[in-house]
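# Notes for the structure review
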Amino acid sequence: MAVDHARVEAAVREILAGIGEDPDRDGLQETPARVARMYAEVFEGLDQDPRQPLSTTFDIDHQELVLVRDIGFHSMCEHHLLPFVGVAHVGYIPDGGAVTGLSKLARLVNVYARRPQVQERLTSQVADALMTELEAGGAIVVIEAEHMCMSMRGVRAEGARTVTSAVRGMLRENSSTRAEAMSLINRG
């Protein structure tokens with residue numbers, strides 16, 4: 001589903017008028033079109049298949065933890081349409097030796113992040129995709145993010161970071177394996 005630029009532009013003009021601005025004023029004339037182009041980019045994950053990044057695998061005899069830390073991302077809170085920005089730490093244990101490219105883990109995070117989202121769902125979606133698409137023996141995803149809906153408005157808790165985790169399979173079942181993964185995530 002592609003972004004309907006004309007519809008977004010009309011809505012942005014209405015928002016500008018609704019807050020008491022003149023959408024025809026010199027500095028705002030192009031704003032509706034700019035916002036429509038930005039939304040097409042920010043929400044491009046709606047048009048992407050989250051299975052695709054993990055479709056390429058390599059047969060390597062590795063059955064230990066694979067972890068990529070500090071994957072930067074931007075997403076939009078579905079409650080206020082304000083950004084939340086942070087890092088994702090994504091790990092999995094291959095089952096049977098099939099691994100995916102390291103960059104594919106970052107792509108997976110970004111497919112889900114580039115949708116109207118909540119952090120808790122984003123965390124679970126990434127972990128569940130690792131388990132389903134890679135048939136991983138275990139998965140761990142920890143996401144840390146600052147939410148502009150908390151920083152800019154409401155409580156105005158600037159700098160507060162929310163941390164969520166999703167742990168699946170043997171990483172959930174085996175406390176020492178989970179502790180090892182968490183110690184690698186928390187190095188820093």
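For the structure, see preceding data.
Residues numbered from 1 in each chain as written. Predicted model: local features only at pLDDT ≥ 70, side-chain atom pairs only at ≥ 80, totals over all residues. Heavy atoms only, no water.

## So, the pattern of salt bridges
Within this structure, the stated rule accounts for seven salt bridges. Of the charged contacts, one joins Glu-44 and Arg-114 as a salt bridge, the two residues approaching to 3.6 Å between their closest N and O atoms. Placement of Glu-44 in the loop between helix H2 (31-42) and strand S1 (57-59) and of Arg-114 in the loop between helix H3 (102-113) and strand S5 (116-117) is noted, with a sequence separation of 70 residues between them. Residue class for Arg-114 comes out partly exposed when judged on its relative accessible area of 23%. Residue Glu-78 is joined to Arg-121 by a salt bridge in which the shortest nitrogen-to-oxygen separation is 2.9 Å. (Salt bridge = Lys/Arg side-chain N within 4 Å of Asp/Glu carboxyl O. Helix = DSSP H or I, 4+ residues; strand = E, 2+ residues; numbered from the N terminus. Buried < 20%, exposed > 50% of the residue type's maximum accessible area, 1.4 Å probe, protein only.)

## Remarks on the pairing of strand S2 (residues 66-77)
Here S2 runs beside strand S3 (residues 83-93); their pairing, made up of nine bridges, is antiparallel. Pairing of Gly-72 across the sheet is with Val-87, part of S3. Hairpin connection between S2 and S3: a loop of five residues separates the two successive antiparallel strands, and Leu-81 in this loop has a positive phi of roughly 55 degrees. (Pairing = 2+ DSSP bridges.)

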